[in-house]
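# Descriptive structure summary
For reference, the chains in residue letters:
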Amino acid sequence: MGVRCGVIHEFSFSPDCKHLAVVSQDGFLRIFDFNSQELVSAMRSYFGGLLCVCWSPDGRYIVTGGEDDLVTVWSLQDHKVTARGEGHKSWVTMVTFDPYTSKGVASNGRPLDSDNPELPVYRSVVWDRMLTYSSGTFARTPWSR
């Protein structure tokens, strides 16, 4: 897949500033290595353009929203969709992670460490065009590796 010209709706740097995620009207999420300016990963929306993008606090996941009324979670490590959220009444125009409940917290509420090897849980916040609010939780499952 080549990089074409088109309207860029939003871009976001990874927490470590090594990658740049870009969403555009052609429906693609493109992730670039910022230093080498090379395309390292890409995802196509289910339908229509992508409007918003955000990185998880640990930089492992990218969440997008767009004209397909879906919230899509992309794994940078696995180069695949790990979750999709449906049920929005209109275009999803803003997505973000809640840093207070996402960063290094397991589903049992304890901090992630060597004594608590459970997979991390992330909390997202989403707004759609109709100004309705929703939030959700997703966890990386062992079978999604």
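Structure report, in brief. Everything numeric in this text was worked out from a predicted model, so none of it was measured. (Residues numbered from 1 in each chain as written. Predicted model: local features only at pLDDT ≥ 70, side-chain atom pairs only at ≥ 80, totals over all residues. Heavy atoms only, no water.)

## Some details on the nonpolar core
Residues A21, V23, L29, I31, M43, L50, V53, W55, I62, W74 and L76 constitute the largest nonpolar core, which totals eleven residues. Breaking this core down by element, the ones donating at least two residues are β2 (19-24), β3 (28-33) and β5 (50-55). Among the elements that line this core, the one with the most residues is β5, at three residues. Setting aside chain neighbours within four positions, we find A21 in contact with E10, F11, S12, L29, R30, I31, V53, W55 and I62. Within the second largest apolar cluster, nine residues are counted, among which are C52, Y61, V71 and V73. (Core = buried A, V, L, I, M, F, W, Y, C linked by side-chain atoms within 4.5 Å. Buried < 20%, exposed > 50% of the residue type's maximum accessible area, 1.4 Å probe, protein only. Helix = DSSP H or I, 4+ residues; strand = E, 2+ residues; numbered from the N terminus. Contact = heavy atoms within 4.5 Å.)

## Considering unusual backbone geometry
Phi at Q37 takes a positive value of approximately 60°, unusual for a residue other than glycine. Relative to the helices and strands, Q37 resides in the loop between β3 and β4 (38-44). Overall, Q37 belongs to the exposed group, its relative accessible area being 66%. Even without being glycine, D69 reaches a positive phi, approximately 65°. One can find D69 in the loop between β6 (61-66) and β7 (71-75).

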